[in-house]
Amino acid sequence: MQDVTIWHNPRCSKSRDALSFLEERKLDIKIVKYLESQPNEKEIKEILLMLGISAKDLVRSKEELYKELNLKDASETELIKAMAQYPKLIERPIVIKDGSAVIARPKEKIVKLLA
């Protein structure tokens, strides 16, 4: 059984830092490359519950695609649909353990999750 799961983007330095942080602790890590295996709306809703945040707090509002899709005034449902369709809109990295999750920016947020 995996100790932790990370929604990982190998091209992101913050995501690589978080993965290294987990690897240094010799954890059993399930790596989900969420840009390749796109999460569906149900999975995004589950992550939001684990994080305890709204979709507005999970979406990357500085992403050019966010502006192109005109998501500034989008509803929670519309944001979730957009993140499912365009996973690059999802803030990263997300680390999950025992039904809880954190957005590991900075990576030190992982420490509380592992405690």
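Here the structure is a predicted model, which means the values were calculated and not measured.

J.: Tell me about the overall build of the chain, and please be specific about residues and values.
T.: When helices and strands are tallied, the chain shows six helices and four strands. Its C-alpha atoms put the chain at 40 × 25 × 25 Å along the principal axes. For the chain, the proportion of contacts with a sequence separation of at least 24, taken over those separated by at least 6, is 60%. Split by element, the accessible area of the chain, about 6900 Å² in all, is 47% carbon and sulfur. In the chain, the 22 positive side-chain charges and the 19 negative ones have mean positions that sit 3 Å from each other.

J.: Summarise the nonpolar core; cite the residues concerned and give the values.
T.: Membership of the largest hydrophobic core comes to 25 residues, with the highest contact counts inside it found for Trp 7, Ile 44, Leu 58, Met 83, Leu 89, Ile 90 and Ile 94. Sorting the residues of this core by element identifies helix 2 (41–51), helix 3 (55–58), helix 4 (64–68), helix 5 (76–85), strand 3 (94–97) and strand 4 (100–103) as the ones contributing at least two each. It is helix 5 that contributes the most residues to this core, five residues altogether. Once residues within four sequence positions are removed from consideration, Ile 44 is found in contact with Pro 39, Leu 58, Ile 80, Met 83, Ala 84 and Ile 90.

J.: Go over the packing of helix 2 against helix 5 with me, naming the residues and quoting the values.
T.: Two numbers describe how helix 2 lies on helix 5: the axes approach to 9 Å, and their chain directions differ by 115 degrees. For the pair helix 2 and helix 5, the crossing hand works out as right-handed. On helix 5, the residues that touch Glu 41, Ile 44, Lys 45 and Leu 48 of helix 2 are Glu 76, Ile 80, Lys 81, Met 83 and Ala 84.

J.: Requested: an account of the pattern of salt bridges, with residues and values cited.
T.: Summed over the entire model, instances satisfying the criterion amount to seven salt bridges. Between Glu 46 and Lys 42 there is a salt bridge; the shortest N-O distance is 2.9 Å. Here Glu 46 and its partner Lys 42 are both found in helix 2, four residues apart, which amounts to about one turn of the helix. With a relative accessible area of 34%, Glu 46 lands in the partly exposed category. Across the salt bridge formed by Glu 63 and Arg 60, the nearest N and O atoms sit 3.3 Å from each other.

J.: So what's going on with the pairing of strand 1 (residues 4–7)? Residues and values would help.
T.: Neither face of strand 1 is exposed, since Val 4 and Ile 6 on one face and Thr 5 and Trp 7 on the opposite face are all buried. In this region the chain leaves strand 1, passes through helix 1 (residues 13–24) and returns to the parallel neighbour strand 2 (residues 29–32); the handedness of that crossover is right-handed. Relative to strand 3, strand 1 is paired through three bridges, and the arrangement is antiparallel. Bridged to Thr 5 within strand 3 is Ile 96.

J.: With reference to specific residues and values, describe the packing of aromatic side chains.
T.: Under the criterion given, the structure shown has one aromatic pair. Centre to centre, the rings of Trp 7 and Tyr 34 are 6.3 Å apart; their planes meet at 25 degrees, and the pair counts as stacked. With Trp 7 in strand 1 and Tyr 34 in the loop between strand 2 and helix 2, this pair connects stretches of sequence that are 27 residues apart. By the burial criterion, Trp 7 is buried, and Tyr 34 matches it. A cation sits over an aromatic face here: Arg 25 above Phe 21, 3.5 Å from the ring centre.

Rules of the game
Residues numbered from 1 in each chain as written. Predicted model: local features only at pLDDT ≥ 70, side-chain atom pairs only at ≥ 80, totals over all residues. Heavy atoms only, no water. Helix = DSSP H or I, 4+ residues; strand = E, 2+ residues; numbered from the N terminus. Contact = heavy atoms within 4.5 Å. Areas by Shrake-Rupley, 256 points an atom, 1.4 Å probe, with all protein chains shown as cover. Lys, Arg positive; Asp, Glu negative; His and termini not counted. Charge placed at Lys NZ, Arg CZ, Asp CG, Glu CD. Core = buried A, V, L, I, M, F, W, Y, C linked by side-chain atoms within 4.5 Å. Buried < 20%, exposed > 50% of the residue type's maximum accessible area, 1.4 Å probe, protein only. Axes fitted to C-alpha atoms, helices over the stretch in contact; angles between N-to-C directions. Left-handed = near helix turned anticlockwise from the far one by under 90°. Salt bridge = Lys/Arg side-chain N within 4 Å of Asp/Glu carboxyl O. Right-handed = clockwise from strand over helix to strand, strands pointing away. Pairing = 2+ DSSP bridges. Phe/Tyr/Trp six-rings, centres within 6.5 Å; stacked < 30°, edge-to-face > 60°. Lys NZ or Arg CZ within 6 Å of the ring centre and 35° of its normal.

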